[in-house]
Amino acid sequence: MSQEQEIPHDNQVLFCEPGYRLAAHGRQATEDERLTLLEQIFDPISRQQRAIIQPGWRCLEVGAGRGSMAVWMARQVGATGQVIATDVDTTYLERLTIPNLEVHRHNILSDSLDHLSPGSFDLVCARLLLFWLAGKQEQALNRMVECLKPGGWLIDEDGDWGMVTPVDPAHPHYGLYHRAWKNGDWWTMRGYDPAFGRKLPVLFERCGLVNLRHKASASVVRSDSPWGRWWRQSLEGIRASEQADGSLTEERAKEYNALITPLNDPSCWVMTAPIHACWGQRIS
Ligand SMILES: C[S@@+](CC[C@H](N)C(=O)[O-])C[C@H]1O[C@@H](n2cnc3c(N)ncnc32)[C@H](O)[C@@H]1O
């Protein structure tokens, strides 16, 4: 079935090619704040997921954002190791001045891998990037695998972003939220997979990786928690991108209100998206 056929009638004309919807361009300060919150929320667990890192390793962080994980990895590999941080937008990364951390403006889908030295990395990581590359995730992963040396590890973390939901059916915002969210098909209508994260092990296997390992976790949090605030800022950022490209109809604006209202009400408890971490090793 084509993507157009899957889209309900009232949204048919609004389908835009999926891509990264939270670009910093034109909203640098707001996105800086959102990414700062993202790092505060996800870094502690990401550091645990990357505990295999060794002094002297050469590591690649793809779609590095503000770069907190790249900075942490640079510390772990020490003076004898090296970290390369890439992103399509290096605005934030360019602020970093760390001797063993190199920044490259690079699109993992389309730019040549040559200047990253394919086959040279002990560890390649990405976090909360692949979801956005809808339909092209395997292509991106294959290119990350190409960067690994034989024996090197790939670690990716991403979410089932369609599973975010208020948990109390008795709460006044519950019904309106669910009508707008449509069990996560709010994402499907925009061309994204609401259950992407859980597919990482399958994709890793298809890309020829071995010694696969997977772990996922979610929590139930109050709307005014850091996670709730980050999720609200994320929805507001996506809404701004739809406003900018003309796909924000009156109907969609109402849906955003239904999704954001519970996040402004601290009496509302929300289940976070399960975040999946996947590990795989290149053999040859
Ligand atoms: C949600 S942010 C996550 C940032 C960072 N990985 C983190 O978790 O802190 C996604 C990042 O991926 C970058 N990005 C989007 N598409 C990309 C692509 N095709 N190639 C490389 N980076 C990309 C964006 O510019 C953004 O910085």
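Refer to the structure printed above.
Notes on the structure follow. (Residues numbered from 1 in each chain as written. Predicted model: local features only at pLDDT ≥ 70, side-chain atom pairs only at ≥ 80, totals over all residues. Heavy atoms only, no water.)

Turning our eyes to something else, we now look at the packing of aromatic side chains. Within this structure, the stated rule accounts for 18 aromatic pairs. Here the aromatic rings of W161 and W231 are separated by 5.7 Å at their centres, their planes lie at 10°, and the arrangement is stacked. One end of the pair, W161, is in the loop between β5 (148-159) and β6 (165-166); the other, W231, is in helix α8 (residues 226-245), and 70 residues separate them in sequence. Judged by its relative accessible area of 5%, W161 is buried. Judged by relative accessible area, W231 falls into the buried class, the value being 4%. (Phe/Tyr/Trp six-rings, centres within 6.5 Å; stacked < 30°, edge-to-face > 60°. Helix = DSSP H or I, 4+ residues; strand = E, 2+ residues; numbered from the N terminus. Buried < 20%, exposed > 50% of the residue type's maximum accessible area, 1.4 Å probe, protein only.)

We now examine the sheet that holds β6. Taking strand neighbours across the sheet as the criterion, the 3 strands line up as β6-β9-β8 in an open arrangement whose pairing is antiparallel. Each edge of the open sheet carries a strand with a single partner, namely β6 and β8 (220-222). The pairing of β6 with strand β9 (residues 269-271) spans 2 bridges and is antiparallel. Within the sheet, the bridge partner assigned to T165 lies in β9 and is M271. (Pairing = 2+ DSSP bridges.)

Moving on, we come to the environment of L248. Along the chain, the position of L248 falls in the loop between α8 and α9 (250-260). Of the residues examined, L248 reaches a relative accessible area of 21% and is grouped as partly exposed. L248 sits 147 residues away from L101 along the chain, and the two C-alpha atoms are 40 Å apart. Aside from chain neighbours lying at most four places away, what touches L248 is R239, E242, Q243, A253 and Y256. (Contact = heavy atoms within 4.5 Å.)

In this section: the environment of M73. Along the chain, M73 falls in helix α3 (residues 68-77). For M73, a relative accessible area of 0% gives the class buried. When the C-alpha atoms of M73 and E138 are compared, they prove to be 25 Å apart, with 65 residues separating the residues in sequence. Non-local contacts of M73, meaning those with residues more than four positions away in its chain, are made with R50, I53, C59, E61, V83, L123 and C125.

Turning our attention to the site of the ligand. Around the ligand, the surrounding shell holds 14 residues, and the nearest of these are G63, D87, N107, I108 and R127. Here a nitrogen atom of the ligand sits 2.7 Å away from a polar atom, N or O, in the main chain of G63. The side chain of D87 places a nitrogen or oxygen atom 2.5 Å from an oxygen atom of the ligand. Relative to its unbound accessible surface of 600 Å², the ligand loses 94% to contact with the protein. (Near = heavy atom within 4 Å. Polar contact = N/O pair within 3.5 Å; in protein donor to acceptor, adjacent residues only side chain to side chain. Areas by Shrake-Rupley, 256 points an atom, 1.4 Å probe, with all protein chains shown as cover.)

Before going further, it helps to examine the pattern of salt bridges. Using the criterion set out here, one finds 16 salt bridges in the structure. R34 is paired through a salt bridge with E31; the nearest N and O atoms lie 2.9 Å apart. Taken together, the residues R34 and E31, both in helix α2 (residues 28-49) and 3 residues apart, mark about one turn of the helix. Residue classification places R34 among the buried positions, given a relative accessible area of 4%. (Salt bridge = Lys/Arg side-chain N within 4 Å of Asp/Glu carboxyl O.)

It is worth spelling out the pairing of strand β1 (residues 58-62) at this point. Counting buried residues in β1 gives 5 out of 5 residues, a clear majority hidden from the surface. Burial of β1 is two-sided: the residues R58, L60 and V62 facing one way and the residues C59 and E61 facing the other way are all buried. In the sheet, β1 pairs with strand β2 (residues 82-87) via 5 bridges, with the strands oriented parallel. Residue pairing in the sheet places V62 in a bridge with T86 of β2. In this region the chain leaves β1, passes through α3 and returns to the parallel neighbour β2; the handedness of that crossover is right-handed. Bridging between β1 and strand β4 (residues 121-127) involves 4 bridges; their strand directions are parallel. Counterpart to V62 in the pairing with β4 is A126. (Right-handed = clockwise from strand over helix to strand, strands pointing away.)

This part is about the state of the cysteines. On inspection of all chains with the given rule, the structure shows 0 disulfides. Between C207, a free cysteine, and C278, which holds the nearest cysteine sulfur, the sulfur-to-sulfur gap is 10 Å. (Disulfide = S-S within 2.5 Å.)

Right, let's get into α3. With 8 of 10 residues buried, α3 lies mostly within the body of the structure. Buried residues of α3: S68, M69, A70, V71, W72, M73, A74 and V77, and no others. At its buried positions, α3 is contacted by α2, β1, β2, β3 (101-105) and β4. Backbone geometry just after α3 places G78 at a positive phi near 70°.

Let us now look at the sheet that holds β1. Read from one edge of the open sheet, 7 strands run β3-β2-β1-β4-β5-β10-β7, paired in mixed fashion. What marks the edges here is a single partner per strand, and that holds for β3 and β7 (210-217). Pairs of neighbouring strands in the sheet enclose a mean axial angle of 15°, with direction left out of account. (Axes fitted to C-alpha atoms, helices over the stretch in contact; angles between N-to-C directions.)

None of the figures reported here should be taken as evidence of function without further support.
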